[in-house]
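One letter stands for each residue in the lines below.
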Amino acid sequence: MRIGYPCINRSIGCQSDATFRLASYSNSMMEAKVSGNLACLQRILEYNLAKGILFFRISSQLVPFASHPICDFPWRRRFLGELKSVGEYVRKKGIRISMHPDQFVLLNSPDLGVHERSVAELAYHCEALDAMGLAPDAKVQIHVGGVYGDRAAAIARFEERYRRLPSAIRKRLVIENDDRLYAVSDCIRIHETCGVPVLFDSFHHECLNAGESVREALKAAMGTWGNADGVPMTDYSSQAPGGRSGKHAETIDLAHFEKYLHSAKKLDFDVMLEIKDKEKSAIKALSILRKMNKG
DNA sequence: CCATGTCAAGGTCAC
DNA sequence: GTGACCTTGACATGG
């Protein structure tokens, strides 16, 4: 089991997700930001390795505006050396990588423009991982999407559009259960129809489920991952005390996490901590894991 | 230098 | 049909 955190490191004082305003777009701005982001990404991975953190989610902003029509900067060519070098480090050290395009990526939108932009954004994520030379076990995770007043049609649209994706995207794409619309059970049914692996999000499962236990849902999701997909990935978080339901915790609740791991005994999966204080919680989570492995 | 309004992108729900 | 909210930090501007 590898433990990780998403996108941002708050300890080492560099940014791998620096961006700029669309209005100030220029090739020199692109050059400067991507260059800085890649250098920082390497530093973060080195920091992580020193702490035993072997799972990391790369920010979608690694290459800002990469899928926007305004972008004519040949970032793959310009940064091929840097991308390959990071990728080699990742492979050599046994690091697991994921990416998570944000809420605007909706494969099943009835609006064809939204769908098209979503595919372009997915293509960018996969091209970045390809340029790093990473195997298909480096995943790109999204949610199923909206319901649009007709669940069955929305699901059918997802399945159909998933099948039509280029294989470069399909080999990396996984779907994650969300906290309001599509539970693990819905995702499993979609998997059965079109084969997309399901990434289990424990916190979302707490918010929305069909009555299965955590272990049942986790096992079902894990069963959708094939050999080429690697060890199943999962997301973990807990409710922010006093916060609105569904709000992610500020820092890890160690008792809650330990209970979760206990319920998942003997299962091997990687855990992404979606917790606000990032590497701080990841380090604490590792100490729990080590303690449990000993005892 | 600091404070604050704003930022590519969508959808849901309450009213 | 319209507007608040989701969720988020950091960019960028104006004082």
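One can find the structure itself at the top, above this paragraph.
Reference entry: report on the structure contained in this document. Predicted, not measured: the structure shown is a model, and the values here were computed from it.

Time to look at helix α1 (residues 27-51). Across its 25 residues, α1 extends 36 Å between first and last C-alpha, which sits within 8% of the 36 Å expected from 1.5 Å per residue. Tucked inside the fold, the buried residues of α1 contact β1 (3-6), β2 (55-58), α3 (80-93), β3 (96-99) and α11 (279-294). Just downstream of α1, Gly52 is the residue with a positive phi angle, here 85 degrees.

Attention now goes to the nonpolar core. Counting residues in hydrophobic clusters, the biggest one holds 83 residues, and the most contacted among them are Trp75, Ile97, Phe257 and Leu273. At eight residues, the largest contribution of residues to this core is made by α1. Dropping the residues within four chain positions of it, Leu273 is found in contact with Ile3, Gly4, Tyr5, Pro6, Tyr236, Ile252, Phe257, Ser281, Ala282 and Ala285. By size, the runner-up hydrophobic cluster in this structure holds six residues, among which are Phe55, Val174, Leu199 and Met272.

A separate point is the protein's contact with DNA strand C. Close to DNA strand C lie Gln15, Ala18, Thr19, Phe20, Arg21, Ser24, Arg244 and Lys276, which account for all nearby residues. Restricting the count to atoms of DNA strand C within 4 Å of the protein gives a sugar and phosphate share of 81%. Within the side chain of Arg21, one N or O atom sits 2.4 Å away from a base oxygen of DNA strand C. Contact distances for DNA strand C include 2.9 Å between a phosphate oxygen and a side-chain N or O atom of Ser24. Grouping the constituent residues of the surface near DNA strand C by class yields two nonpolar, three polar and three charged.

Counted by the stated rule, this structure contains one disulfide. Here Cys14 is linked by a disulfide to Cys40, with a sulfur-sulfur distance of 2.1 Å. Here the disulfide of Cys14 and Cys40 is right-handed, its torsion about the S-S bond being about 75 degrees. Residue Cys14 is found in the loop between β1 and α1, and its partner Cys40 is found in helix α1; the two are separated by 26 residues along the sequence. Here Cys14 and Cys40 have matching classes, each one buried. Here Cys207 is not disulfide-linked; the sulfur of Cys187 is the nearest cysteine sulfur, at 14 Å.

One way to put it is that helix α10 (residues 254-263) packs onto α11 with a least axis distance of 10 Å and a crossing angle of 45 degrees. Put simply, α10 runs oblique to α11. The hand of the α10/α11 crossing is right-handed. Counting all contacts with α10, which are made through Leu254, Phe257, Glu258, Leu261 and His262, the residues of α11 involved are Lys284, Ala285, Ile288, Leu289, Lys291 and Met292. Tallied by class, residues from the contact of α10 with α11 come to seven nonpolar, one polar and three charged.

This part covers the packing of aromatic side chains. Scanning all chains against the criterion turns up nine aromatic pairs. Between the aromatic rings of Phe20 and Phe65, the centroid separation amounts to 5.2 Å while the plane-to-plane angle is 55 degrees, which identifies the pairing as tilted. Linking Phe20 in the loop between β1 and α1 with Phe65 in the loop between β2 and α2 (75-78), this pair joins segments that are 45 residues apart in sequence. Relative accessible area serves as the criterion here: at 8%, Phe20 is assigned to the buried category. A relative accessible area of 23% means that Phe65 is categorised as partly exposed. These aromatic residues form a ring-pair network of at least three members: Tyr236, Phe257, Tyr260 and Phe269. Seen from the ring of Phe79, Arg78 lies directly overhead, with NZ or CZ sitting 4.2 Å from the centre.

The rules behind each value
Here the residue numbering is sequential within each chain, running from 1 through the sequence in written order. To label them, take the chains in the order written and letter them from A, then take the ligands in the order written and number them from 1. In view of the model being predicted, local features appear only for residues whose pLDDT reaches at least 70, and side-chain atom pairs are presented and counted only at 80 or more, with totals across whole chains, interfaces and linings using the full set of residues. Excluded from the side-chain calculation are hydrogens and water; included are all heavy atoms of the structure. Comment: elements are numbered from the N terminus, with helices defined as DSSP H or I runs of at least four residues and strands as E runs of at least two. Expected span of a helix: the number of residues minus one, times 1.5 Å. The criterion used for residue contact is that any of the two residues' heavy atoms lie within 4.5 Å. As used in this record, nonpolar core signifies buried Ala, Val, Leu, Ile, Met, Phe, Trp, Tyr and Cys residues forming a set joined through side-chain atoms within 4.5 Å. Burial status follows relative accessibility: with a 1.4 Å probe on protein chains alone, a residue under 20% of its type maximum counts as buried, one over 50% as exposed, and anything between as partly exposed. Here a residue is considered near a molecule or strand provided that any single heavy atom belonging to it is located within 4 Å of it. Each polar contact in these results corresponds to two N or O atoms within 3.5 Å; when the atoms are within protein, one needs to be able to donate a hydrogen and the other to accept it, and residues that are neighboring in sequence are counted only if both atoms are side-chain atoms. Three residue categories are used. Nonpolar comprises Ala, Val, Leu, Ile, Met, Phe, Trp, Tyr, Cys and Pro, charged comprises Asp, Glu, Lys and Arg, and polar comprises the others, including Gly. Here, the term disulfide refers to a pair of cysteine sulfur atoms separated by no more than 2.5 Å. A fitted line through C-alpha atoms represents every axis, and for helices the fit uses only the stretch in contact; the resulting angles, taken between N-to-C directions, go from 0 to 180 degrees. Small angles under 35 degrees read as roughly parallel and large ones over 145 as roughly antiparallel, with 65 to 115 read as roughly perpendicular and the rest as oblique. Helix crossings get a hand from a simple test, with the near helix turned counterclockwise from the far one by less than a right angle marking a left-handed crossing and a clockwise turn marking a right-handed one. Between 30 and 60 degrees the pair is tilted, below 30 it is stacked and above 60 it is edge-to-face, where a pair is any two Phe, Tyr or Trp rings, Trp via its six-membered ring, whose centres lie within 6.5 Å. By definition here, charges over rings are those cases where NZ of Lys or CZ of Arg is within 6 Å of the ring centre and within 35 degrees of the ring normal.

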